[in-house]
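# Understanding the architecture of this molecule
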Amino acid sequence: MEVVSKAVDLARAMRQKNQVELNSGTGAMGEAQSVAARETEASAAEASLERPAVAGPSMEAIVERENLKKALAQVKRNKGAAGIDGMSVDELAAYLKKHWPMIRAQLLEGTYKPQPVRRVEIPKVSGGTRPLGIPTVLDRFIQQAVMQVLQADWDGTFSEMSFGFRPGRSAHQAVEQAQAYIATGHGFVVDIDLEKFFDRVNHDVLMGLIAKRVGDKRILKLIRAFLSAGVMEGGLVSPMEEGTPQGGPLSPLLSNLMLDVLDKELEKRGHRFVRYADDCNIYVRSQRAGERVMAGIEKLLAKRLKLKMNKAKSAVAKPSVRKFLGFSFTGGKESPRRRIAPQAVARFKTKVRELTRRTRGRSLTQIIKELSTYLIGWRGYFGFCQTPSVLRALDEWIRRRLRAIAWKQWKRGRARFAELRRRGVGRDLAAQTAGSPHGPWRLANSPALNIALPTRSLGSLGLAPVAVPRSA
């Protein structure tokens, strides 16, 4: 019996040793690389003053069949451009069918190496451009699979006041929460803008935070590899020593993990705040209190997270003069109402002008079809405002632009007279309007054009309103 007992103990010890080696990736890396990997993650944990996790998600959960099916479906839904290898989303399934056994083995052994991201510049709504890193389709698929497992494990620990990129949460909920704070007398906002947040994330701090929640060294090594995979621009690959490239499925979750440190500190201090990704607002009762809070948060960000506040864009002010997720709030003694921020209205008009340029050489029906696609999406977000008169005014402005386009397309006096008469305008009014020396924009607001192209007529051509229809 003693011999049997020793044999069982020996077998158990060997299984534990093998599991440790598997988790450390030693099976394919060799002892020297294994030690280096352990030292890297240990230093990352030390950098954030966090103790490593002893459990948490595993690589086996990431490569589990149902998780992979869900990840593949999501990557297909997201579509998106190809990475540096040129592979499209449509080609991914066939590629996985052929190569997945090898990729799976690399993930389980801790030897998978992501490819560099492709750098592109996308326009910012506030002007200028923002760098975007596009991973290969394969790396997006693996990131998605990792994100799903980590998010399921982490999301329940995040702050209730964090609304960005989380299941069941939305920008509208964040705006509503901000409105509730203002309604209770917190009439000043500390509007925090993080300077180039996604480009400045410190890898060691981030990896330390991850190491507290993930004990599987293979996952830690994979995430570190994604962070430092490099960027290809102009045919050259540059290393990445900081930042988490925007463009991959994993980036939003990692940003939430990083800024959860800020959330927990704000909760600890009893602040009323709302955060959506890197957009954070804190609501206080006075200007002086706001300035004191801002100074404290600036020190916290620099010390704990090695992040820098953009002083030029951050401010303490009345919510009515600041914007939050495209909205601002009415001022005065009455209860605050959600309104569309002036910058968002200006961007909307710029886009509509672009879609309704009179020189684009298309029919009115074609213009309306393309325009309505944009209007429906815009209304889905900004229809959440509580200032319907603004939306009705925008509808009137759009209809006027479309009438001006029609007037321009009718070209000359006789054709214009005939169109007006055909559409029910009286002879005298039609003749007077057709012979007018005024330009299309002015005449678009004339009685004749309103009769010829009423709201109902433009609606029958497919024009979508931005104002929510009034209930009967």
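Residues numbered from 1 in each chain as written. Predicted model: local features only at pLDDT ≥ 70, side-chain atom pairs only at ≥ 80, totals over all residues. Heavy atoms only, no water.

## Structural notes on the overall build of the chain
Convention followed: Strands are runs of DSSP state E lasting at least two residues, helices are runs of H or I lasting at least four, and both sets are numbered from the N terminus onward. Residue burial is assigned from relative accessible area. The probe radius is 1.4 Å, only protein chains are included, and a residue is buried under 20% of its type maximum, exposed over 50%, and partly exposed in between. Each accessible area is a Shrake-Rupley result for a 1.4 Å probe, and residues are judged covered by the shown protein chains and nothing else.
In terms of regular secondary structure, the chain is built from 21 helices and 10 strands. The 472 residues of the chain split such that 47% are buried. Element-wise, carbon and sulfur atoms account for 53% of the exposed surface of the chain, whose accessible area totals about 24400 Å².

## Quick look at the nonpolar core
The criterion, for reference: By nonpolar core is meant a set of buried Ala, Val, Leu, Ile, Met, Phe, Trp, Tyr and Cys residues that side-chain atoms within 4.5 Å join together.
Judged by nonpolar contacts, the single largest core of 123 residues is most densely connected at Phe141, Ile142, Ile210, Ile282 and Ile297. It is helix H7 (residues 137–154) that provides the largest number of residues to this core, a total of 10 residues.

## Remarks on helix H11 (residues 217–227)
Burial within H11 is extensive, with 8 of its 11 residues counted as buried. Among the residues of H11, those classed as buried are Arg218, Ile219, Leu220, Leu222, Ile223, Arg224, Phe226 and Leu227.

## Comments concerning helix H16 (residues 388–410)
For clarity, the threshold we go by: Given the number of residues in a helix, its expected span is that number minus one, multiplied by 1.5 Å.
Taking 1.5 Å as the rise per residue, H16 with 23 residues should run 33 Å; its terminal C-alpha atoms sit 33 Å apart, in good agreement. Positive phi appears at Lys411, one or two residues downstream of H16, with a value of about 70°.

## Section: the side chain of Asp395
Just so we agree on the cut-off: For this count, His and the chain ends are skipped, Lys and Arg are scored as positive, and Asp and Glu as negative. Any Lys or Arg side-chain nitrogen located within 4 Å of an Asp or Glu carboxyl oxygen qualifies as a salt bridge. By the criterion applied in these results, polar contacts are pairs of N or O atoms within 3.5 Å in which, for protein atoms, one can donate a hydrogen and the other can accept it, and in which residues neighboring in sequence qualify only through two side-chain atoms. Throughout, a residue-residue contact means that at least one pair of heavy atoms, one from each residue, lies within 4.5 Å.
As for its position among the elements, Asp395 is in helix H16. Comment: no salt bridge for buried Asp395; closest opposite-charge side chain is Arg399, at 4.8 Å. A distance of 2.8 Å separates the side chain of Asp395 from the backbone nitrogen of Val466, its partner in a polar contact. Setting aside residues up to four positions removed in sequence, Asp395 forms contacts with Pro465, Val466 and Ala467.

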